[in-house]
Each structure stands twice: as structure tokens, then as C-alpha cells.
Amino acid sequence: MSDIPAKARIVEVGPRDGLQNEKQVIETSVKIELVERLSNAGLSYIEAGSFVNPKWVPQMAGSEAIFEQVKRQEGVKYVALVPNMAGYERAISVQADEVSIFTAASESFNKKNINCSIDESIERFLPVIEAAKAANIPVRGYVSCIVGCPYEGHIEPSAVATVSKKLIDLGCYEISLGDTIGVGTPGSMNKMLDAVLDISPAEKLAVHCHDTYGQALANIYASLQRGVSIIDSSVVIQDDVACRWVDV
Ligand SMILES: [Zn+2]
């Protein structure tokens, strides 16, 4: 085990990524209890909700109430996913500690998911990043489809490196590399990381491995061996990672 970092940092995204595809409606009070239990369990960074339009992701309605009502613990960051400036403003109005933004390494996925190209998606986030900088709110960037896309299949590692570099240059302090459809293997993760580690130190990178085909742990281990020690986790496991809006 000596070839992996001594410590990993866990970024818990269950209340957002885990719940967003649940079919049954989950009461806000249950979500609040989930977030509180996660902080009681010792998790110090929790993506507690998202400020996307509830018309598109009904399961994320009520995110304001989560941020307003959850019993916050000292030292714990409560983070919000935001799709645009309107989402950012909603997140800030309820004192989100940080925000996350998202794009994909696949043009087709972005077109289907958020109806714009990769570059257009990044442009949409410019005002969010600017406002966050001015308010001293850290911004985390998600890149989805890092090794495979449901529309394009294979994704070139260089495409992941290019979009990751753009987000880092704009001011994202960390990039979460997402295997959104869980098709990664240690081999494809390593090839992707060869490219991304050329443009970023490992300290700025996280991996976000969906377990669709049972490969998440192997992929995380391969990433740890490359020095990537920030790991996204989800206490609620989605078994249905079909492409939906804001599926990161
Ligand atoms: Zn995800």
C-alpha cells in the first residue's frame, strides 16, 4: 500500500448526486436529516443540494430549505451545485460555503444535457466564477464523461485535459473528474490521468467514479496510485445513471 497517499480527502455528494435520480419524492426533512447524519459521521465536506431549476430536476426542489435548516457544524463545508448565475444567487442567499459548477469532456453529452457546447458551457459560468471570486466563495469544477460518453463512446484523454485546464485557469480550485456512466477501468483512468496530470498537479484533482459496472473501487485505487487523493463519495448509490439534465 506504500504506493498510495497516506491520506485521502472525502467529498460527500450523496445528498445531491445520490438523490437527484431517485424516483420517489424525498421529503426535505429527510434530506436535512441525511446531511446532519453525514456531518455527525465525520464528513467535513458535503454537497448538500443543487440550485438547478426544479422543473428539470424535481428531486432537488427544496435545496434552500436544506441550507437554511440544517444544523451546521463547525469545520464542515456545505456546498451547492449551481448551473448559472440565478442558481449561484440562490445558493449564496442561503449561505452555501462553496459552489460547484459543471461541464463535460464530451460535446454530445453537453449538447444533450445542458444544450450547449463545452466552450459555451464554460462561458455561462464566467459570471458565476467572477461573482464567487469577489465574494471569496471557492468554486469547484466538475468534468463529466472523462473516459466514456453515452453518445460518443470513447473520450480522448486530451479532451479531458483541455477542459480541466480551462476550468483551472478560470479559477476553479479543484477539478472533480467524473466517470459519469461508470465505464472506466484502471487502464482508461490511467490514460486519462496521464493527460490531466500534465496540466495540473494531483493536489487539484478529485475523482468521481460511478459504480455502474462495479469498477469504482478499482478506478479509485488506480487514481490513488497516481497521487490523486481527493475522492468523491455518495452515501446514496444511484443505480440509474441515465443521462439526465445535470447528471455529473
Ligand atoms: Zn456523479
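Scroll up to find the structure.
As the structure is a computational prediction, the values presented were derived from the model and not from experiment.

Reading guide: rules and limits
Residues numbered from 1 in each chain as written. Predicted model: local features only at pLDDT ≥ 70, side-chain atom pairs only at ≥ 80, totals over all residues. Heavy atoms only, no water. Helix = DSSP H or I, 4+ residues; strand = E, 2+ residues; numbered from the N terminus. Rg over C-alpha atoms; globule rule 2.2 N^0.38 Å. Buried < 20%, exposed > 50% of the residue type's maximum accessible area, 1.4 Å probe, protein only. Contact = heavy atoms within 4.5 Å. Core = buried A, V, L, I, M, F, W, Y, C linked by side-chain atoms within 4.5 Å. Expected span 1.5 Å × (residues − 1).

**Topic: the overall build of the protein chain**
Alright, step 1. A tally of helices and strands in the protein chain yields 9 helices and 10 strands.
Alright, step 2. A compact globule built from 248 residues would reach a C-alpha radius of gyration of about 18 Å, and the protein chain, at 17 Å, matches this within 12%.
Alright, step 3. Once the C-alpha set of the protein chain is aligned to its principal axes, its extents read approximately 45 × 40 × 35 Å.
Alright, step 4. Evaluated residue by residue, the protein chain yields a buried proportion of 53% over its 248 residues.
Alright, step 5. In the protein chain, the proportion of contacts linking residues at least 24 apart, taken out of those at least 6 apart, comes to 77%.

**A short note on the nonpolar core**
Alright, step 1. If you look at the biggest cluster of nonpolar residues, it comprises 71 residues, and the most contacted ones within it are Ile-101, Val-160, Leu-177 and Met-192.
Alright, step 2. Residue contributions to this core peak at 6 residues, all from helix H6 (residues 118–134).
Alright, step 3. In this view, Met-192 contacts Ile-146, Val-147, Pro-157, Val-160 and Leu-177; residues no more than four positions away in its chain are not counted.
Alright, step 4. Residues Leu-19, Ile-26, Val-52 and Val-57 belong to the second largest nonpolar core, which totals 6 residues.

**A closer look at helix H7 (residues 157–170)**
Alright, step 1. An ideal rise of 1.5 Å per residue puts 20 Å on 14 residues; H7 measures up with 20 Å between its terminal C-alpha atoms.
Alright, step 2. Along H7, the residues classified as buried are Pro-157, Val-160, Ala-161, Val-163, Ser-164, Leu-167 and Ile-168.
Alright, step 3. Those residues of H7 hidden inside the fold are in contact with strand E4 (98–104), H6, strand E5 (139–144), strand E7 (153–154), strand E8 (174–179) and helix H8 (186–199).
Alright, step 4. Just past H7, the residue Gly-171 takes up positive phi, approximately 125°.

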